[in-house]
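# Per-entry structural report
The primary structure of each chain is shown beneath.
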Amino acid sequence: MLANRVAIVTASTDGIGLAIARRLGQEGASLVISSRKPENVERATKELQSEGLRVKSLVCHVSDAENRKKLFEEAKSFGGLDILVSNAAVNPVHGGILDCSESIFDKIYDVNVKSSFLLAKEALPLLRKSKHGRIIFISSISAYYPHILLGAYGFSKTALLGLTKNAALQLAPEGITVNCICPGHIETRFSKVMRSSDDMLKEELTNIPMGRIGKSEEVASSVAFLASDDASYITGENLLVSGGFSARL
Ligand code: NAP
């Protein structure tokens, strides 16, 4: 489905990002994977290569302009870029948005929103040369349904919905699609805090009609669809992958 395509997936050495990279690779794409810690990059690279996938990897903190530049250089060495998946996010605090300090707010905005904007902008020269240009942002269910413990993070994820709509409108005439996935509660290290007690887990499950936490692979399959030719006429959409969290009026 994605043979001869090149994909950059940020924050792709663990959790949802790693699952997305693996799935795009299984569909035939060549992969550029990255994250902040060299040991994670090395481990994930070995893992994916041992599965027979075509992988180049590097250390990339998405807020670092020089690091981001290298992502595109690696993609070029594969022949170009067709798919950009902007997946990195941080959530250093838990609490209401107005309790967030300015410095933490800046950090959340910088990693979760600004780096997605910059990556999309910087990817454009290469995506414009592709016949199948795709930008996919990873937002969150908390973009739609604010959670009191995830105030500033939720705000940042809502901002990505707007980035998706605006960029999609601008790039539609060029045939580059821009879409966004909003995962619900997915079992990763990042979301562990939301399952840190039996009571919290019970409360979480009460809000999920399917009655279970999702898997990273269930997010990855939606990304693979949006990256494929099957999704060639879909742009500007925000797709919830949340076990029915939003299946209410
Ligand atoms: P995760 O399992 O904790 O994995 C995070 C990955 O991001 C790791 O590879 C980490 O590696 C890397 N990373 C963290 N900060 C980075 C940065 N500034 N630059 C580059 N890489 C960075 O997290 P996850 O649950 O898969 O989350 C992935 C995305 O899904 C995030 O955008 C998150 O907001 C979204 N999401 C998750 C859930 C959920 O329930 N899990 C729900 C909704 C949305 P290093 O430590 O080596 O950098």
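## Notes on the pairing of strand E6 (residues 177–183)
The element E6 is extensively covered by neighbouring structure, given that seven of its seven residues are classed as buried. In E6, alternate side chains face the same way, and those of Thr177, Asn179, Ile181 and Pro183 on one face and Val178, Cys180 and Cys182 on the other are all buried. Pairing analysis gives five bridges linking strand E5 (residues 134–138) to E6, with the strands arranged parallel. Within the sheet, the bridge partner assigned to arginine 134 lies in E6 and is threonine 177. The handedness of the E5 to E6 crossover, carried by helix H5 (residues 151–171), is right-handed.

## A look at the site of the ligand
Ser35, Arg36, Asn87, Tyr153 and Thr188 are the nearest of the 29 residues found near the ligand. Valine 62 places a polar main-chain atom, nitrogen or oxygen, 3.2 Å from a nitrogen atom of the ligand. Here an oxygen atom of the ligand sits 2.9 Å away from a polar atom, N or O, in the side chain of lysine 157. A class-by-class count of the residues in the shell around the ligand yields twelve nonpolar, twelve polar and five charged.

## Section: the sheet that holds E5
Reading across the sheet, the seven strands line up as E3-E2-E1-E4-E5-E6-E7 and stay open at both edges, with parallel pairing between neighbours. Bordering the open sheet on either side are strand E3 (55–59) and strand E7 (238–241), each of which pairs with just one other strand. For this sheet, the mean angle separating the axes of adjacent strands, direction not counted, is 15°. Two elements, strand E1 (residues 6–9) and strand E4 (residues 83–86), share three bridges in a ladder whose sense is parallel. Bridged to alanine 7 within E4 is isoleucine 83. Those strands touched by helix H1 (residues 15–26) are E1, strand E2 (30–35), E4, E5 and E6, and its axis lies near 175° from that of E1. Contacts from helix H2 (residues 38–50) reach E2 and E3, with the element oriented near 175° to E3.

## Some remarks on the pattern of salt bridges
The tally for this structure, following the rule as stated, stands at ten salt bridges. Among the ionic pairs, arginine 22 bridges to glutamate 51, the shortest N-O distance being 2.8 Å. Of this pair, arginine 22 sits in helix H1 while glutamate 51 sits in the loop between H2 and E3, and the two are 29 residues apart along the sequence. Among the residues examined, arginine 22 registers a relative accessible area of 19% and is labelled buried. Residues participating in the shared-partner salt-bridge network are Arg22, Arg43, Glu47 and Glu51.

## With respect to the packing of helix H3 (residues 65–78) against helix H4 (residues 102–127)
Where H3 contacts H4, the axes come no closer than 11 Å and their chain directions differ by 30°. Accordingly, the angle class assigned to the pair H3 and H4 is roughly parallel. The hand of the H3/H4 crossing is right-handed. Residues Arg68, Leu71, Phe72 and Lys76 of H3 form the contact with H4, whose participating residues are Leu118, Leu119, Glu122, Ala123 and Leu126. Counted by class, the contact of H3 with H4 contains six nonpolar, no polar and three charged residues.

## What about unusual backbone geometry?
At asparagine 4, a position not held by glycine, the phi torsion is positive, near 65°. Mapped onto the secondary structure, asparagine 4 falls in the segment before E1. In this structure asparagine 4 comes out as exposed when scored by relative accessible area, which is 79%.

## Some remarks on the nonpolar core
Counting residues in each nonpolar core, the largest one holds 34 residues, and the members touching the most others are Ile8, Leu81 and Ile135. Mapped by element, the contributors of at least two residues to this core are E1, H3, H4, E5, H5 and E6. Element by element, the count of residues in this core is highest for H4, at seven residues. When sequence neighbours within four positions are dropped, the list of residues in contact with isoleucine 135 reads Leu84, Ala120, Leu127, Leu171, Thr177, Val178 and Asn179. Core analysis: the next-biggest nonpolar cluster, separate from the first, contains 30 residues, Ala21, Ile181, Ala231 and Val241 among them.

Thresholds applied
- Residues numbered from 1 in each chain as written.
- Predicted model: local features only at pLDDT ≥ 70, side-chain atom pairs only at ≥ 80, totals over all residues.
- Heavy atoms only, no water.
- Buried < 20%, exposed > 50% of the residue type's maximum accessible area, 1.4 Å probe, protein only.
- Helix = DSSP H or I, 4+ residues; strand = E, 2+ residues; numbered from the N terminus.
- Pairing = 2+ DSSP bridges.
- Right-handed = clockwise from strand over helix to strand, strands pointing away.
- Near = heavy atom within 4 Å.
- Polar contact = N/O pair within 3.5 Å; in protein donor to acceptor, adjacent residues only side chain to side chain.
- Nonpolar A, V, L, I, M, F, W, Y, C, P; charged D, E, K, R; others polar.
- Axes fitted to C-alpha atoms, helices over the stretch in contact; angles between N-to-C directions.
- Contact = heavy atoms within 4.5 Å.
- Salt bridge = Lys/Arg side-chain N within 4 Å of Asp/Glu carboxyl O.
- Parallel < 35°, antiparallel > 145°, perpendicular 65-115°, else oblique.
- Left-handed = near helix turned anticlockwise from the far one by under 90°.
- Core = buried A, V, L, I, M, F, W, Y, C linked by side-chain atoms within 4.5 Å.

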